[in-house]
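# Results of the structural survey
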Amino acid sequence: MDALLHPSEQADPQAPERLIPWLQAREEATRSLVDHGWQRLYSALTPHRASVTLLDPSESLQISLQIPLEQGEDVGADWDLWIEACNRQLSIPLRLWLEEQGVERMTLCRLSGTSDPSMAQPLDLKAMLQVARWLQDPIATIEAIAKAHGSQLVLHLAGLGPNS
């Protein structure tokens, strides 16, 4: 089997010993998001990478983390973190969660379309840059873990606007 899918948060007990640190890094990197209600869509392990995809509680955003496995010249290879919009605007549950994190209310209302639907902004690339700033703490945690493993984190953003 080319990929082993793991719906649980636990590392695969069948994984070779050398992969355990990478699986643990994947779990540590996503723990803060999972602890805040993000749903694990899937975790995967292939011969070349360990990955995980999470969906925010309101299904407005999806985050995917891909960690290359330590193999020869791949040591220190980049970790890829994708943040992608799943809806045209931020949903109310995500807006409320971000508001609890201290994000400015009017900006969130504009991106959610809750105050005045005619003023709603789509989750295009400009809005996704703002979303990435709001997710700065989880991104910083993932980046620190990547650095501890001799890699750097590459952030990818995808909105739903025409230029994303």
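What comes next is a walk through the structure.

Parameters and conventions
Residues numbered from 1 in each chain as written. Predicted model: local features only at pLDDT ≥ 70, side-chain atom pairs only at ≥ 80, totals over all residues. Heavy atoms only, no water. Helix = DSSP H or I, 4+ residues; strand = E, 2+ residues; numbered from the N terminus. Buried < 20%, exposed > 50% of the residue type's maximum accessible area, 1.4 Å probe, protein only. Contact = heavy atoms within 4.5 Å. Areas by Shrake-Rupley, 256 points an atom, 1.4 Å probe, with all protein chains shown as cover. Pairing = 2+ DSSP bridges.

This brings us to the overall build of the chain. Check the secondary structure of the chain and you find five helices and six strands. For the chain, the α and β elements follow one another from N to C terminus as β-α-β-β-β-β-α-α-α-α-β. Looking at the 164 residues of the chain, the share that counts as buried comes to 42%. Counting contacts in the chain only where the partners sit at least 6 residues apart, residues at least 24 apart contribute 56% of the total. Summing over all exposed atoms, the chain offers an accessible surface of approximately 8800 Å²; the carbon and sulfur share of this is 50%.

Position of L33 relative to the elements: it lies in helix α1 (residues 20-35). Taking C-alpha positions, L33 is 9.6 Å from I63, a pair spaced 30 residues apart along the chain. What L33 contacts, discounting residues up to four positions off in sequence, is W38, L54, I63 and P138.

Attention now goes to the pairing of strand β4 (residues 61-68). Burial analysis of β4 places six of its eight residues in the buried class, which makes it a mostly covered element. Direction of pairing for strand β3 (residues 49-55) relative to β4: antiparallel, over a ladder of seven bridges. Note that in β4 the partner of T53 across the bridge is S64. Hairpin connection between β3 and β4: a loop of five residues separates the two successive antiparallel strands, and E59 in this loop has a positive phi of roughly 65°.

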